[in-house]
Amino acid sequence: MIVKTKEELNALKEIGYICALVRDKMQAATKPGITTKALDDIAKELFEEHGAISAPIHDEKFPGQTCISVNEEVAHGIPGKRTIKEGDLVNIDVSALKNGYYADTGISFVVGESDNPLKQKVCDVALEAFEAAMTRVKPGAKLSHIGKAVHATARKNNLTVIKNLTGHGVGQSLHEAPNHVMNYYDPKDKTLLKEGTVIAVEPFISTNATFVTEGKNEWAFETNDKSFVAQIEHTVIVTKEGPVLTTKID
């Protein structure tokens, strides 16, 4: 969507704040011994408290308020009986709507201490890649330069990007134009960013794999070689003053 009024901007900021709050509360509660279902229940309670609705349930009939992916799961993990353990690599992806406006955000992190430093490395580089991407977000800039910055950051750190998971337009639906915000440079994409464009930018950084495949169920994505993968995602509004992250709580 293109933000055209102050009312639209305020509505996007409101749902962005709610999604960020849910994400941060869930991350804080992710300790060894808790189940992914218990984490998802935190989202349910906060959505109800703030008058928001889970986008995965509303739009996709997903069997959970949020997507919680652990270790071998890269994305779209279903909350359930799985118990979090020390050293797990966890991704929490939160998207929701309120009064017809959407936000989408995600974070990957290591629970406690891990004996494999690559888990923390992919998390750190995902954040670095996101920050590099934000330097390319301005009216008139090429959308493809976001992916160029993400891919360059991965290569600099001897890591790869997942090419078949992408960002997307968001705002009045969970997925809208532009349909793909790539994590690599696509020279054929001539799309220019316009003032007020709303996009979800989400680098997926991997230790080796460049594609995900279907996992243990109809929802989850995994890699064939069990690469560690981390994602950072925010809902971003393109403005002349720089990117506005509706899902970041300062």
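Criteria and thresholds
Residues numbered from 1 in each chain as written. Predicted model: local features only at pLDDT ≥ 70, side-chain atom pairs only at ≥ 80, totals over all residues. Heavy atoms only, no water. Helix = DSSP H or I, 4+ residues; strand = E, 2+ residues; numbered from the N terminus. Buried < 20%, exposed > 50% of the residue type's maximum accessible area, 1.4 Å probe, protein only. Contact = heavy atoms within 4.5 Å. 1 Å grid on protein atoms, 1.4 Å probe; cavity = no way out; pocket = protein on both sides within 12 Å on 5 of 7 lines; lining within 4 Å. Points joined across faces, edges and corners; volume = space filled by probe spheres on them. Nonpolar A, V, L, I, M, F, W, Y, C, P; charged D, E, K, R; others polar. Axes fitted to C-alpha atoms, helices over the stretch in contact; angles between N-to-C directions. Left-handed = near helix turned anticlockwise from the far one by under 90°. Pairing = 2+ DSSP bridges. Phe/Tyr/Trp six-rings, centres within 6.5 Å; stacked < 30°, edge-to-face > 60°. Lys NZ or Arg CZ within 6 Å of the ring centre and 35° of its normal. Expected span 1.5 Å × (residues − 1).

1. Points about the environment of Tyr101
With respect to the helices and strands, Tyr101 occurs in strand 5 (residues 101-110). For Tyr101, a relative accessible area of 16% corresponds to the buried category. Put simply, Tyr101 and Leu9 are 92 residues apart on the chain and 9.8 Å apart in space, counted from C-alpha to C-alpha. Setting aside residues up to four positions removed in sequence, Tyr101 forms contacts with Met1, Glu8, Ala11, Leu12, Ile15, Ala96, Gly171 and Gln172.

2. Focus: the side chain of Glu8
By the element assignment, Glu8 lies in helix 1 (residues 6-29). If we ignore the near neighbours within four places in the chain, the residues touching Glu8 are Met1, Ile2, Val3, Tyr101 and Gln172.

3. Remarks on the layout of surface pockets
Estimated volume of the largest pocket: approximately 500 Å³. As for the largest pocket, its lining consists of 25 residues, and the residues nearest its centre are His76, Asp104, His168, His175 and Glu202. The set of elements that each furnish at least two residues to the lining of the largest pocket consists of helix 3 (55-60), strand 4 (89-98), strand 7 (167-169), strand 8 (176-181) and strand 13 (229-237). Classifying every residue of the lining of the largest pocket gives eight nonpolar, 11 polar and six charged. There is about 150 Å³ of room inside the second largest pocket.

4. Some points on empty space enclosed by the protein
Under the defined criterion, the tally for this structure stands at two cavities of 30 Å³ or more. By volume, the largest cavity amounts to about 40 Å³. As for the largest cavity, its lining consists of Ser69, Asn71, Glu73, Val74, Leu89, Val90, Asn91, Ser108 and Val229. Take the lining of the largest cavity: its biggest share by element is three residues, from strand 4. Considering only residue class, the lining of the largest cavity consists of four nonpolar, four polar and one charged. Estimates place the volume of the second largest cavity at around 30 Å³. For the lining of the second largest cavity, the elements supplying multiple residues, two or more each, are helix 5 (144-156) and strand 8. When grouped by side-chain class, the residues that make up the lining of the second largest cavity number four nonpolar, three polar and two charged.

5. Details of the packing of helix 4 (residues 117-134) against helix 5
Each pair of packed helices can be summarised by the angle the axes make with each other and by the distance between the axes. The interhelical angle for the contact between helix 4 and helix 5, taken along N-to-C directions, is 145°, at an axis separation of 8 Å. Our pair here, helix 4 against helix 5, has a crossing hand that is right-handed. For the pair helix 4 and helix 5, the contacting residues are Val125, Glu128, Ala129, Ala132 and Ala133 in the first and Ile146, Ala149, Val150, Thr153, Ala154 and Lys156 in the second. Of the residues in the contact of helix 4 with helix 5, the class split is eight nonpolar, one polar and two charged.

6. Focus on the sheet that holds strand 11 (residues 213-214)
Spatially, 3-12-11 is the arrangement adopted by the three strands of the open sheet, whose pairing is antiparallel. Among the strands making up the open sheet, the edge pair consists of strand 3 (73-75) and strand 11.

7. Topic: the packing of aromatic side chains
Taken as a whole, this structure holds one aromatic pair when the rule is applied. For the ring pair Phe62 and Trp219, a centre distance of 5.1 Å and an interplane angle of 85° mean the geometry is edge-to-face. Note that Phe62 is positioned in the loop between helix 3 and strand 2 (67-70) and Trp219 in the loop between strand 11 and strand 12 (221-222), a separation of 157 residues in sequence. With relative accessibility at 5%, the residue Phe62 sits in the buried group. When the ring centre of Tyr184 is taken as reference, the NZ or CZ atom of Lys163 above it lies at 5.3 Å.

8. Regarding helix 5
With 13 residues, helix 5 extends 19 Å between its outermost C-alpha atoms, agreeing within 8% with the 18 Å of an ideal straight helix rising 1.5 Å per residue. All buried positions along helix 5 are accounted for by Ser144, Ile146, Gly147, Ala149, Val150, His151, Thr153 and Ala154. Its buried side turned inward, helix 5 meets helix 4, strand 6 (160-161), strand 8, strand 9 (198-201) and strand 10 (204-206). Once helix 5 finishes, Asn158 follows within two positions and takes phi at roughly 60°, a positive value.

Limitation: the analysis is restricted to geometry and does not speak to function.
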